[in-house]
Amino acid sequence: DGQDHPHRRVHPGLSAPVFDLPQTLKVTRQRVENEGLEDRIHLQGGNFHVDAFQGPYDIALMSDILRYQDGRANAALVEKVYGCLSEGGRLIIKDRFLDPAKTSPAWTTAFAVHILVNTECGECFTIQESHQWMEQAGFRMVEELEPRAIIQGTK
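Quick caveat: nothing in here was measured; it's all calculated off a predicted structure. (Residues numbered from 1 in each chain as written. Predicted model: local features only at pLDDT ≥ 70, side-chain atom pairs only at ≥ 80, totals over all residues. Heavy atoms only, no water.)

Moving on to unusual backbone geometry. What you tend to see is this: most non-glycine residues have negative phi, and most peptide bonds are trans. Cis geometry marks the peptide bond from Gly55 to Pro56, where omega comes out at 0°. With respect to the helices, strands and loops of the structure, Pro56 is situated in the loop between strand E2 (41–45) and strand E3 (57–63). For Asp64, which is not glycine, the phi torsion reads 55° and is therefore positive. Phi angles above zero are rare outside glycine, and Arg148 is one such case at about 55°. The exposure class assigned to Arg148 is partly exposed, which follows from its relative accessible area of 38%. (Helix = DSSP H or I, 4+ residues; strand = E, 2+ residues; numbered from the N terminus. Buried < 20%, exposed > 50% of the residue type's maximum accessible area, 1.4 Å probe, protein only.)

Next comes the structure, spelled out in structure tokens:
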């Protein structure tokens, strides 16, 4: 019964939807239930290419999504997320980013080859490309929070 679980005491007013493919949410649902957070984490199954997001949201997190699609699809997704954020809301993108020349870091370039071989149109991108997608979507402030790993845009 999650009543005394430590997560229930941290940020008690915080709630979050998790939007993902229905088959992925099966695992997520089990984790949410194990942590006793069913009343604070709401699962929404869907495909972000075609299904609408709710909103408005204060923060959106895109984690390890960019590499599985091409740049045009990523730019469209960033724009779609922008549209569901409240004024002052933030989009945080966590991924494995390449340097501007797309030749390092070594572990990301090796991963980029893996993605190229094992996906239809995936590739690894640079922080600069993500920065451009955010600016084109209308984010007024974009900053790299962790080198080659996390970028944030504020609406």
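Right, let's get into the pairing of strand E4 (residues 85–94). As a general feature of sheets, a regular strand has side chains that alternate between the two faces. As paired strands, E3 and E4 are joined by six bridges and run parallel to one another. Pairing of Tyr57 across the sheet is with Leu85, part of E4. Crossover E3 to E4 through helix H2 (residues 71–83) is right-handed. Here E4 runs beside strand E6 (residues 150–154); their pairing, made up of five bridges, is antiparallel. (Pairing = 2+ DSSP bridges. Right-handed = clockwise from strand over helix to strand, strands pointing away.)

Take helix H4 (residues 127–137) next. If you check which residues of H4 are buried, you get Ile127, Ser130, Trp133, Met134 and Ala137. Buried residues of H4, viewed axially, fall in a sector of 120°; they line one side. Where H4 is buried, its residues meet H2, E4, strand E5 (141–146) and E6. At the exit of H4 stands Gly138, carrying a positive phi of roughly 115°. (Arc of directions from axis to C-beta. Contact = heavy atoms within 4.5 Å.)

Here the structure, examined in full by the defined rule, presents two aromatic pairs. Centre to centre, the rings of Phe19 and Phe53 are 5.0 Å apart; their planes meet at 90°, and the pair counts as edge-to-face. Here Phe19 is found in strand E1 (residues 16–20), whereas its partner Phe53 is found in the loop between E2 and E3, with 34 residues between them in sequence. Note that Lys80 overlies the ring of Phe53, its terminal NZ or CZ placed 4.8 Å from the centroid. Cation over ring: Lys155 sits above Tyr82, and NZ or CZ is 4.5 Å from the ring centre. (Phe/Tyr/Trp six-rings, centres within 6.5 Å; stacked < 30°, edge-to-face > 60°. Lys NZ or Arg CZ within 6 Å of the ring centre and 35° of its normal.)

On to H2, then. At 3.6 residues per turn, the α-helix brings residues three or four places apart onto the same side. Here H2 contains 13 residues, and its C-alpha end-to-end distance of 19 Å stays within 8% of the 18 Å for a straight helix at 1.5 Å per residue. Residues Gly71, Asn74, Leu77, Val78 and Val81 constitute the buried set of H2. Down the axis of H2, the smallest arc covering the buried residues is 120°, so these residues share one side. Counted as exposed and oriented over 90 degrees from the buried face of H2: Arg72, Glu79 and Gly83. Against the buried residues of H2 lie E3, E4 and H4. One side-chain oxygen at the N-terminal end of H2 lies 3.3 Å from the backbone nitrogen of Arg72; it belongs to Asp70. (Expected span 1.5 Å × (residues − 1). Polar contact = N/O pair within 3.5 Å; in protein donor to acceptor, adjacent residues only side chain to side chain.)

So, on to the environment of Ile127. Tracing the backbone through its elements, the reader meets Ile127 in helix H4. As for Ile127 and Pro147, which are separated by 20 residues in sequence, their C-alpha atoms are 8.5 Å apart.

Taken by themselves, the reported measurements are silent on function.
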